[in-house]
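If you want the building blocks of each chain, they are given just below.
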Amino acid sequence: MQDLAPILCHARVCRILDANLDRAREGLRVIEEWCRLGCEDAELTATCKELRQTLAGYHTPELRSARQTDHDPGTALTHPQERDRQTLQDVLTANFARVQEALRVIEEYAKLTHADLSAAAKTLRYRVYILEQALSPQSRQGRLRRLHHARLYLVTSPSDRLLERVEAALKGGLRLVQYRDKTNDDQTRLKIAQQLQALCQRYGALFLVNDRVDIAVGANADGVHLGQTDLPIALARQILGGDRLVGRSTTNPQELERALQEGADYVGVGPVFATPTKPGKAAVGFDYLQYARHHCSIPQFAIGGIDASTIGEVIAAGATHVAVVRAIMDAADPQQATQDLLQHLHEGNQP
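Our subject in this report is the structure included herewith. (Residues numbered from 1 in each chain as written. Predicted model: local features only at pLDDT ≥ 70, side-chain atom pairs only at ≥ 80, totals over all residues. Heavy atoms only, no water.)

### Some thoughts on a nonpolar patch on the surface
Here is the rule we go by: Patch members must show over 30% relative accessible area and no salt bridge, and they are joined within 9 Å when carrying like charges or within 5 Å when they are nonpolar side chains of Val, Leu, Ile, Met, Phe, Trp or Tyr. Working definition of accessibility: Shrake-Rupley area with a 1.4 Å probe, residue cover restricted to the visible protein chains. Basic side-chain nitrogens of Lys or Arg form a salt bridge, by our definition, when they fall within 4 Å of a carboxyl oxygen of Asp or Glu. For the purposes of this entry, the term helix denotes a DSSP run of H or I that reaches at least four residues, the term strand denotes a run of E that reaches at least two, and both are numbered from the N terminus. Accessibility here uses a 1.4 Å probe with only protein chains present; expressed as a share of the type maximum, an area under 20% marks a residue as buried, one over 50% as exposed, and anything in between as partly exposed.
Together, Val217, Leu231, Leu235 and Ile239 make up a nonpolar patch on the protein surface, roughly 300 Å² of accessible area in all. Along the chain, Val217 falls in helix α10 (residues 213-218). For Val217, a relative accessible area of 44% corresponds to the partly exposed category.

Structure (structure tokens):
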């Protein structure tokens, strides 16, 4: 009987490896589907696929033959948290944990029988940590991805119903908000910025602060938007931290080139039409918008006098991202106005 012990041990280790290879591959597939169809990120999708196929290469017939699902006491075990997924982030977090735990189990048990698999599992586990960071909404890469997908950008204006109007727009699908306030004292601005940040976080939207890097830091904003006379981008990023976003207003090719050289994450392009939010600023029309479209690789948000009546011609001129103020802030129904603008952007940018 003693001679059977190593054989029995080997079989049980193979069973453990088989179960955890399944778990890791299944979790990676869940993550891969979001990278492919949710993020539409070819690089991250390819990473997930490579990780999954690498594990598949180690999932040999020997390990599969050790499977005994009908004798597995774990199949009947569950926990309420396994059924509780309130947000997309919950789904991703749960599946990253599943993959990482499975890889750790594989790494330890494979030391007994499959040293090459153990070494591979260790390497893959660290790559999964990096992948998780890349998909984190708070990472730089995560914020840049969300910025790219946020086609509509609300720049707020003073309002007695500011939070109510912003929340209505968020309910309508808005995913990018800039708090712009030139009148209130600093303590009031900070308080409002903190309230807006919490609101945007609840709806999964990016939140930026206009001009004031200090208030952006105090409100834990996702970044800051700077005008031509504001801080250099490098200094703003040094204060904010490398994971935060920095945008810059531009009105001509020269300002655009400087913003790109400074390392802006996105630019505002305009004002396309004359607007009371920028008194004294001449409209740049469509020529500069089209120039930016062809000479700028980062997101460009057309801004200035854009509303439901003008957004069609702005899109026709080449805009894929649009920023608005009054079109939402002064709308009778900010939620419906947001939905209408997003519908225009969706239809106008179909391939």
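### Points about the side chain of Arg145
Put simply, the rule is: Whether two residues are in contact is decided by their heavy atoms: any pair within 4.5 Å suffices.
On the secondary structure map, Arg145 appears in helix α7 (residues 140-149). Arg145 has contacts with Cys39, Asp41, Leu44, Ala134 and Leu135, leaving out every residue within four places of it along the chain.

### Observations concerning helix α8 (residues 162-171)
Side chains three or four residues apart in an α-helix point the same way, a direct result of the helix having 3.6 residues per turn. Taken together, the buried positions of α8 are Leu162, Arg165, Val166, Ala168, Ala169 and Leu170. Turning to α8, the residues buried within the fold contact β1 (152-155), β2 (176-179), α9 (186-203), α15 (326-329) and α16 (334-348). The positive-phi residue at the C-terminal boundary of α8 is Gly173, with phi of around 115°.

### Concerning the pairing of strand β4 (residues 223-226)
The condition that has to hold: In this analysis, strands are considered paired if DSSP registers two or more bridges between them. Orient the strands so they point away from the viewer, and a crossover whose first-strand-to-second-strand path over the helix runs clockwise is right-handed.
Burial of β4 is two-sided: the residues Gly223 and His225 facing one way and the residues Val224 and Leu226 facing the other way are all buried. As judged from the three bridges shared by strand β3 (residues 206-210) and β4, these two strands associate in the parallel manner. Each residue of the ladder has a partner; that of Asn210, found in β4, is His225. Each parallel crossover has a hand, and the one from β3 via α10 to β4 is right-handed.

### With respect to the layout of surface pockets
The cut-off we apply is this: Cavity means a closed set of points on a 1 Å grid over the protein atoms alone, one where a 1.4 Å probe fits but cannot get out, pocket means an open set with protein on both sides within 12 Å along at least 5 of 7 lines, and lining means a residue has an atom within 4 Å of a point. Grid points are joined across faces, edges and corners, and a volume is the space filled by probe spheres set on the points. The nonpolar class holds Ala, Val, Leu, Ile, Met, Phe, Trp, Tyr, Cys and Pro. Asp, Glu, Lys and Arg form the charged class, and all remaining residues, Gly among them, are polar.
What the largest pocket holds in volume is close to 1100 Å³. Lining the largest pocket are 40 residues; nearest its centre among them are Trp34, Leu88, Arg146, Arg175 and Gly204. If you list the elements that add at least two residues to the lining of the largest pocket, you get α1 (4-38), α5 (88-113), α7, α9, β3 and α16. Tallying contributions element by element places α7 first for the lining of the largest pocket, with six residues. The residue makeup of the lining of the largest pocket, split by class, is 16 nonpolar, 16 polar and eight charged.

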